[in-house]
Amino acid sequence: MAETPFSLVCTIQRANAADIQAMRDSLVSETESESIDANTFSFQLHEANAKDLRAMWNTRIRGLIAADEILQAIESAGSSTKDDSKEV
């Protein structure tokens, strides 16, 4: 890859491996990512100017935030449907 003046590396880590894979999958159409281990991945951005790097960063982070919110909603819905009553 050609050198660009502005670059960043973002590393995402979650305790739940399924969640980290879902978050990684949410970026598949936006950028390539690299799996570091079952709970961690990273992606890199390289742009010719700071304004473009900021825009690309914002897009990726908004996607990750949306994916995280969906995962939390799914987990919350799952826990609210469980029957917590005890048998007598």
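Shown above is the structure to which this text applies.
No experiment lies behind these values; they were computed from the predicted model shown.

Cut-offs and rules
- Residues numbered from 1 in each chain as written.
- Predicted model: local features only at pLDDT ≥ 70, side-chain atom pairs only at ≥ 80, totals over all residues.
- Heavy atoms only, no water.
- Pairing = 2+ DSSP bridges.
- Helix = DSSP H or I, 4+ residues; strand = E, 2+ residues; numbered from the N terminus.
- Axes fitted to C-alpha atoms, helices over the stretch in contact; angles between N-to-C directions.
- Contact = heavy atoms within 4.5 Å.
- Core = buried A, V, L, I, M, F, W, Y, C linked by side-chain atoms within 4.5 Å.
- Buried < 20%, exposed > 50% of the residue type's maximum accessible area, 1.4 Å probe, protein only.
- Salt bridge = Lys/Arg side-chain N within 4 Å of Asp/Glu carboxyl O.

S.K.: So what about the sheet that holds strand β3 (residues 40–47)? Which residues, and what values?
M.R.: Taken together, three strands build an open sheet; the order of strands is β1-β3-β2 and the sheet is antiparallel. Strand pairing shows two members of the sheet lacking a second neighbour, β1 (6–13) and β2 (33–37), which therefore form its edges. Sheet twist, expressed as the average angle between the axes of neighbouring strands with direction ignored, equals 25 degrees. In this fold helix α1 (residues 17–26) packs onto β1, β2 and β3, with an angle of close to 20 degrees to the strand it touches most, β3. Against the sheet, helix α2 (residues 50–80) engages β1 and β3, with an angle of about 155 degrees to β3.

S.K.: Help me get a handle on the nonpolar core, residues and values and all.
M.R.: Core analysis: the biggest nonpolar cluster contains 13 residues, and Ile12, Met23, Phe41, Phe43 and Leu64 have the highest contact counts within it. Looking at this core, the elements that each hand over two or more residues are β1, α1, β3 and α2. Broken down by element, the residue count for this core peaks at four residues, all from α2. The residues touching Phe43, leaving out its near neighbours within four places in the chain, are Leu8, Val9, Cys10, Leu27, Thr31, Glu32, Ser33, Arg60 and Leu64.

S.K.: Explain the pattern of salt bridges to me, and be specific about the residues and the numbers.
M.R.: Tallied over the entire structure, the rule returns two salt bridges. The partner of Arg14 in a salt bridge is Asp19, with the nearest N and O atoms 2.9 Å apart. Arg14 is paired through a salt bridge with Asp68; the nearest N and O atoms lie 2.5 Å apart. Here Arg14 is found in the loop between β1 and α1, whereas its partner Asp68 is found in helix α2, with 54 residues between them in sequence. Taken together, the salt bridges that share partners define one network made up of Arg14, Asp19 and Asp68.

S.K.: Describe in detail the side chain of Thr40, supporting the description with residues and values.
M.R.: Along the polypeptide, Thr40 turns up in strand β3. A relative accessible area of 8% places Thr40 in the buried class. Residues contacting Thr40, with those up to four places away along its chain left out, are Thr11, Ile12, Gln13, Ile20, Glu34 and Ser35.

S.K.: Any chance you could break down the environment of Thr11 for me, citing the residues and the numbers?
M.R.: Relative to the helices and strands, Thr11 resides in strand β1. With 25 residues separating them along the chain, Thr11 and Ile36 place their C-alpha atoms 9.0 Å apart. In this structure, Thr11 is in contact with Ile36, Thr40, Phe41 and Ser42, ignoring residues within four places of it in sequence.

Such coordinate-based values are descriptive only and should not be taken to indicate function.
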